Amino acid sequence: MTVVISSDSSRRIRYWDLVARVVGDAGPMATASLPRVPGLRMLYDTSDVGDPQAEVNELGRLIVEALGYPYSAEIRGYIGIFLVDAEGVPVDLPESLCNRIQEEASRARSVLRR
């Protein structure tokens, strides 16, 4: 399982469903390390970066920053979070890590409500 984050929710889905949701048919997929957890990666569609028609994802920005992604003034579109093994192959997120991501999502939602 992985986690997909939209501008207003986060939920667990399978890796290939994550890729389809985040990237779809549109275009190039990119990943970035979330350094506070070894092997944790962020997935995003590079065609959303800087696209004024792609929805701004403040919830996702706050969550990935809490997991070690450098500050970004703006993140657009869906974001996926997944874990890779030593060979770089996606593996299921352990329950404890899913819970941590959901806790970060709760914190981010409370910040955004202010």
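This is a predicted model, so every value here is computed, not measured.

A. Examining helix α3 (residues 95-113) more closely. The terminal C-alpha atoms of α3 lie 27 Å apart, and with 19 residues this matches the ideal 27 Å at 1.5 Å per residue to within 8%. Here α3 has its buried residues at L97, C98, I101, E104, A105 and A108. Looking straight down α3, one finds that the buried residues subtend no more than 120 degrees of arc, so they occupy a single side. Of the residues in α3, the exposed ones pointing more than 90 degrees away from the buried face are S96 and R113. Looking at the buried side of α3, the elements it contacts are β1 (2-5), β2 (10-13), β4 (40-45), α2 (58-66) and β5 (79-84).

B. Structural detail: the side chain of R61. If you trace the backbone, R61 turns up in helix α2. Residues in contact with R61, not counting those within four places in the same chain, are Y71, S72, A73, E74, I75 and I79.

C. Region of the structure containing the nonpolar core. Among the nonpolar cores identified, the biggest contains 24 residues, and L40, I63, I81, L93 and I101 are the most heavily contacted of them. Elements represented by at least two residues in this core include exactly β1, β3 (29-33), β4, α2, β5 and α3. For this core, the leading source of residues is α3, giving 5 residues. In this structure, I81 is in contact with T2, V3, I5, L18, L34, L40, R41, I63, V64, L67, L93 and I101, ignoring residues within four places of it in sequence.

D. Looking closely at the packing of aromatic side chains. This structure, assessed with the given rule, holds 2 aromatic pairs. With 4.9 Å between their ring centres and 80 degrees between their planes, Y15 and W16 make a pair best called edge-to-face. Of the residues examined, W16 reaches a relative accessible area of 65% and is grouped as exposed. Pairwise contacts between aromatic rings join Y15, W16 and F82 into one cluster. Taking the ring centre of Y78 as reference, the NZ or CZ of R21 above it sits at 5.8 Å.

E. Quick look at the pattern of salt bridges. Counted by the stated rule, this structure contains 6 salt bridges. The shortest N-O distance in the salt bridge between E74 and R76 comes to 2.8 Å. The partly exposed category is assigned to E74, whose relative accessible area is 39%. Residue R76 is classed as buried on the basis of its relative accessible area of 15%.

Scoring rules and cut-offs
- Residues numbered from 1 in each chain as written.
- Predicted model: local features only at pLDDT ≥ 70, side-chain atom pairs only at ≥ 80, totals over all residues.
- Heavy atoms only, no water.
- Helix = DSSP H or I, 4+ residues; strand = E, 2+ residues; numbered from the N terminus.
- Expected span 1.5 Å × (residues − 1).
- Buried < 20%, exposed > 50% of the residue type's maximum accessible area, 1.4 Å probe, protein only.
- Arc of directions from axis to C-beta.
- Contact = heavy atoms within 4.5 Å.
- Core = buried A, V, L, I, M, F, W, Y, C linked by side-chain atoms within 4.5 Å.
- Phe/Tyr/Trp six-rings, centres within 6.5 Å; stacked < 30°, edge-to-face > 60°.
- Lys NZ or Arg CZ within 6 Å of the ring centre and 35° of its normal.
- Salt bridge = Lys/Arg side-chain N within 4 Å of Asp/Glu carboxyl O.

Function cannot be inferred from these measures alone, as they are strictly geometric.
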